[in-house]
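The chain contents come next:
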Amino acid sequence: MRLIVNGEEREVAGVATVAELLAAFKLEGKILVVELNKRIIERNAYSETGLSDGDHIEIVHFVGGG
Amino acid sequence: MNSALKIGPYEFKSRLLLGTGKFASLDVQSEAVKRSGAEILTFAIRRLPIDNPDAPNFLETLDLKQFTLLPNTAGAYTAEEAVRIARLAKASGLCDMIKVEVIGDPKTLLPDPIGTLEATKILVDEGFIVLPYTSDDPILARKLQEAGAAAVMPGASPIGSGQGIVNPNNLRFIIEEAKVPVIVDAGIGGPADAALAMELGADAVLLNTAVSGAKDPALMAEAFKLAVQAGRFGYLAGRIPKKRYASASSPAEGMIE
């Protein structure tokens, strides 16, 4: 499946949901927020939220800032 | 005497808010945060580096029970962008306060007043506790409060410039009529600047570069902690007025002849 993750096009195999995508990237348990096609996905909905070819995903976290 | 700083429904003992950007290392940062006594820490929201997810991250070192997170909308040049970032921050479940930062110009990083007001209105409606970073324009500060801002955060001078307070008059006007806390944010350079802000009657000071960019950030953090306290005591203690002529401290009577 072709996904655009944080602005970069990636070919990701074997993932059907947001939860599976995060697991594939080894991001489970990290403090982060997911936005799928400009819609924020709540954490408890990760395993039910399906992904489609061409989806835009933003995965963000907190960094140092003023 | 040492009354709490009240922002929205929250109360804090420390009147120094600390930014977490541009520290040389996590160790230096941890020490500086500790020595500052700050309870509120600001953060930015950025893309997680997918190919390097375990890169050192300051938030992950924190005991979140000891701090209140104040994420910012830094990077936003429009109200829409600021709102998007704010919603992402809130979705983390870690915080409902947001520092609205809508910038009008990349060189000066001065706030876009219209975008700032717009974003504040939208986010107040969505239940955020909004702390807008604003210019030192008293009318804008008034409108932000009318829009429901939980505090107003006028800049002393451009972000990271270290110039200190360039317009104490306007800050005084803002402080005089404010119905919410006034937190001087941006441009603080040295402890004297923070003390002055508090002596003018500000409720708190927010700074980042002044500590992270100092040669000894941990020591500077402590200096600012003391400066904010000194300025606050000075304000509450009621200073003497400035006079044109002298007023002798020693008595006139009883002089030997």
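You'll find the structure just up there.
Residues numbered from 1 in each chain as written. Chains lettered and ligands numbered in written order. Predicted model: local features only at pLDDT ≥ 70, side-chain atom pairs only at ≥ 80, totals over all residues. Heavy atoms only, no water.

Draft legend 1. Focus on the interface of chain A and chain B. Of the residues lining the interface, 24 residues belong to chain A; the matching set on chain B comes to 32 residues. Counting each side, the surface lost to burial between chain A and chain B is near 2,500 Å², with a carbon and sulfur contribution of 60%. Among the residues of chain A in contact with chain B, A:His61, A:Phe62 and A:Gly66 are the three that bury the most area, contributing 28% of the side total. The partner of B:Asp51 in a salt bridge is A:Arg10, and the shortest N-O contact between them spans 2.9 Å. Counting across the chain A and chain B interface gives 18 residue pairs in polar contact (both at pLDDT 80 or more). (Contact = heavy atoms within 4.5 Å. Buried area = accessible area lost by both parts, 1.4 Å probe. Salt bridge = Lys/Arg side-chain N within 4 Å of Asp/Glu carboxyl O. Polar contact = N/O pair within 3.5 Å; in protein donor to acceptor, adjacent residues only side chain to side chain.)

Draft legend 2. Quick look at helix H4 (residues 113-125) of chain B. All names here are of chain B. The terminal C-alpha atoms of H4 lie 18 Å apart, and with 13 residues this matches the ideal 18 Å at 1.5 Å per residue to within 8%. Every buried residue of H4 is accounted for by Gly115, Thr116, Leu117, Ala119, Thr120 and Leu123. Buried positions along H4 lie against helix H3 (79-91), strand S6 (97-100), strand S7 (129-134) and helix H5 (138-146). Sitting at the amino-terminal end of H4 is Asp112, which places a side-chain oxygen 2.9 Å from the backbone nitrogen of Ile114. In the segment just after H4, Gly127 is the residue with positive phi, at about 90 degrees. (Helix = DSSP H or I, 4+ residues; strand = E, 2+ residues; numbered from the N terminus. Expected span 1.5 Å × (residues − 1). Buried < 20%, exposed > 50% of the residue type's maximum accessible area, 1.4 Å probe, protein only.)

Draft legend 3. Region of interest: the pattern of salt bridges. Residues and elements named next belong to chain B. Tallied over the entire structure, the rule returns 17 salt bridges over all chains. Across the salt bridge formed by Asp63 and Lys65, the nearest N and O atoms sit 3.8 Å from each other. Using a relative accessible area of 78% as the deciding quantity, one classes Lys65 as exposed. A salt bridge links Glu126 to Arg87; the nearest nitrogen and oxygen atoms lie 2.5 Å apart. Pair noted here: Glu126 is in the loop between H4 and S7 and Arg87 is in helix H3, with a separation of 39 residues, a long-range link. Under the relative-accessibility criterion, Glu126 is labelled partly exposed at 32%.

Draft legend 4. Fine view of the side chain of B:Asp136. Residues and elements named next belong to chain B. Mapped onto the secondary structure, Asp136 falls in the loop between S7 and H5. Among buried Asp, Glu, Lys and Arg side chains, Asp136 stands out as unpaired, with Arg172 the closest opposite charge at 12 Å. Excluding residues that lie within four positions of it along the chain, Asp136 makes contacts with Pro154, Gly155, Asn167, Asn170 and Ile174. (Lys, Arg positive; Asp, Glu negative; His and termini not counted.)

Draft legend 5. Representation of the environment of B:Thr42 in the model. If you trace the backbone, B:Thr42 turns up in strand S4 (residues 40-47). Residue classification places B:Thr42 among the buried positions, given a relative accessible area of 0%. Those residues within four positions of B:Thr42 in sequence are excluded, and the remaining contacts are A:Gly65, A:Gly66, B:Leu18, B:Gly19, B:Thr20, B:Leu70 and B:Leu206.

Draft legend 6. The side chain of B:Ser14, seen in detail. Of note, B:Ser14 is situated in the loop between strand S2 (10-12) and strand S3 (16-19). Within polar-contact distance, the side chain of B:Ser14 engages the backbone oxygen of B:Gly37 at 3.3 Å.

Draft legend 7. Fine view of the packing of helix H7 (residues 191-199) of chain B against helix H9 (residues 217-237) of chain B. Residue and element names in this part refer to chain B. Where H7 meets H9, the closest approach of the two axes is 7 Å, and the angle between their N-to-C directions is 25 degrees. In terms of orientation, H7 and H9 fall into the roughly parallel class. The way H7 lies across H9 gives a crossing that is right-handed. Across from Pro191, Ala194, Ala195, Met198 and Glu199 in H7, the residues of H9 making contact are Met220, Ala223, Phe224, Ala227, Val228, Gly231, Arg232 and Tyr235. Broken down by class, the residue content of the contact of H7 with H9 amounts to ten nonpolar, one polar and two charged. (Axes fitted to C-alpha atoms, helices over the stretch in contact; angles between N-to-C directions. Parallel < 35°, antiparallel > 145°, perpendicular 65-115°, else oblique. Left-handed = near helix turned anticlockwise from the far one by under 90°. Nonpolar A, V, L, I, M, F, W, Y, C, P; charged D, E, K, R; others polar.)

Draft legend 8. Region of interest: unusual backbone geometry. Residues and elements named next belong to chain B. Look at Lys22: it is not a glycine, yet its phi comes out positive at around 60 degrees. With respect to the helices and strands, the residue Lys22 is situated in the loop between S3 and helix H1 (26-36). By relative accessible area, Lys22 is classed as exposed at 60%. The residue Ala186 is not glycine, and still its phi comes out positive at about 105 degrees. Structurally, Ala186 can be placed in the loop between strand S9 (183-185) and H7.

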